[in-house]
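# An overview of the molecular structure
Each chain, written out:
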Amino acid sequence: MEKTQEKKINNIEGELIVREDAETNWNYGCDPYKRKIDDLIKYGVVVVDKPRGPTSHEVSTWVKKILNLDKAGHGGTLDPKVTGVLPVALEKATKTIPMWHIPPKEYICLMHLHRDASEEDILRVFKEFTGRIYQRPPLKAAVKRRLRIRRIHELELLDKDGKDVLFRVKCQSGTYIRKLCEDIGEALGTSAHMQELRRVKSGCFEEKDAVCLQDLVDAYHFWKEDGDEEELRRVIKPMEYGLRHLKKVVVKDSAVDAICHGADVYVRGIAKLSKGIGKGETVLVETLKGEAIGVGKALMNTKEILNADKGIAVDVERVYMDRGTYPRMWKRRK
């Protein structure tokens, strides 16, 4: 028995552990990166390089109009004066937006000190502000001004020119950089304000992924007028691209439609899974082709799933895939 368990744990395919060998039927579903262009748009994400001026909501609305869609939504508001990475989910991909807020975000900020401070003092204060900090949202914030805890993962001084300080910050979603600058200025005893800000990473989406709105317009017209999909496929990414940070539970074809109808993920339906899944962790439930079925909370860790013969492994909380994408291979209980 122990040798069988050890074999399961050591049978690793890439970053996934194979629990049970299974094959997929290519007559159903599709590799997310090879979807038909209409389906790609329906389950796609556009990473916009937001310009200075419009609100995030306006940018999202423009994307919706450019692509003639009924629905689109952005992940993570940027103030009108702030530029950078703004992911916009299209149609059914809007369901995945809450998952984008789990990983940290990164910004490049220009902070202006009201009185000069030494580089040594700035580095000292940066160290003090790394980790868990308390923040009260600013007056103009769209949320209640309650004191809350946010995590600053990294603060890196990039350059200093007189009273102007350029730095990079990696922080938890929901951190107000404008307020962070004010609090750093107060800790320095100089007071300070945010001069300019650019988001360079939002969850899985990076600056290299971002395109301007004109690129999206051109790509859409190339497709509609010339039938050329290449540029639109470069601009629109499948929704699975924005879920890469989640650990995975890959299920057999026979379990897919049951999950789409509200079933949880049972151990016997699992073909592969990520290493290091912990109890209570949010995981992505995928098909053998890499399609996102939904997300849920792991009720067992990786080792328990590998060793169990039965039981519920994942409590599914949100389903992304349409019912009927895969054939029904389950029976309703009487």
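In this text the structure is predicted, and so the values were computed from the model without any measurement.

Rules and cut-offs
- Residues numbered from 1 in each chain as written.
- Predicted model: local features only at pLDDT ≥ 70, side-chain atom pairs only at ≥ 80, totals over all residues.
- Heavy atoms only, no water.
- Domains from an automatic or database assignment.
- Buried area = accessible area lost by both parts, 1.4 Å probe.
- Salt bridge = Lys/Arg side-chain N within 4 Å of Asp/Glu carboxyl O.
- Polar contact = N/O pair within 3.5 Å; in protein donor to acceptor, adjacent residues only side chain to side chain.
- Patch = residues over 30% accessible without salt bridge, like charges linked within 9 Å, V, L, I, M, F, W, Y side chains within 5 Å.
- Areas by Shrake-Rupley, 256 points an atom, 1.4 Å probe, with all protein chains shown as cover.
- Helix = DSSP H or I, 4+ residues; strand = E, 2+ residues; numbered from the N terminus.
- Buried < 20%, exposed > 50% of the residue type's maximum accessible area, 1.4 Å probe, protein only.
- Phe/Tyr/Trp six-rings, centres within 6.5 Å; stacked < 30°, edge-to-face > 60°.
- Lys NZ or Arg CZ within 6 Å of the ring centre and 35° of its normal.

## A closer look at the domain arrangement of the protein
It is common to give the size of an interface as the accessible area that goes away when the parts come together. Domains assigned within the protein are domain 1 (1–30 + 246–333), domain 2 (31–100 + 206–241) and domain 3 (105–202). One C-alpha centre belongs to domain 1, the other to domain 2, and the line joining them spans 29 Å. For the pair domain 1 and domain 2, the summed buried area comes to about 1,000 Å², and 57% of that belongs to carbon and sulfur atoms. When the buried surface of domain 1 facing domain 2 is broken down by residue, Cys30, Tyr320 and Asp322 rank first, second and third, together holding 52% of it. There are 2 salt bridges connecting domain 1 and domain 2. Note that Asp322 is salt-bridged to Lys42, the shortest N-O span being 3.6 Å. Viewed at the interface, domain 2 and domain 1 are joined by 3 residue pairs in polar contact (both at pLDDT 80 or more).

## Comments concerning a nonpolar patch on the surface
A cluster of nonpolar residues, Tyr134, Leu147 and Ile149, forms a patch on the protein surface that exposes about 320 Å² of accessible area. Mapped onto the elements, Tyr134 comes out in strand 7 (residues 131–135). The class of Tyr134 is exposed, set by a relative accessible area of 58%.

## A few points about the packing of aromatic side chains
One pass over the full model with this rule turns up 4 aromatic pairs. Plain terms: the ring middles of Trp100 and Phe205 are 5.0 Å apart, the flat faces sit at 80 degrees to each other, and that makes the pair edge-to-face. Here Trp100 is found in helix 4 (residues 97–100), whereas its partner Phe205 is found in strand 11 (residues 205–206), with 105 residues between them in sequence. For the pair shown, Trp100 and Phe205 are each scored as buried. What links up through ring pairs into an aromatic cluster is the set Trp100, Phe205 and Tyr241. The ring of Trp223 carries the charged tip of Lys224 above its face, separated from the ring centre by 4.6 Å. The positively charged end of Lys289 is found above the aromatic ring belonging to Trp26, 5.2 Å away from the centroid.

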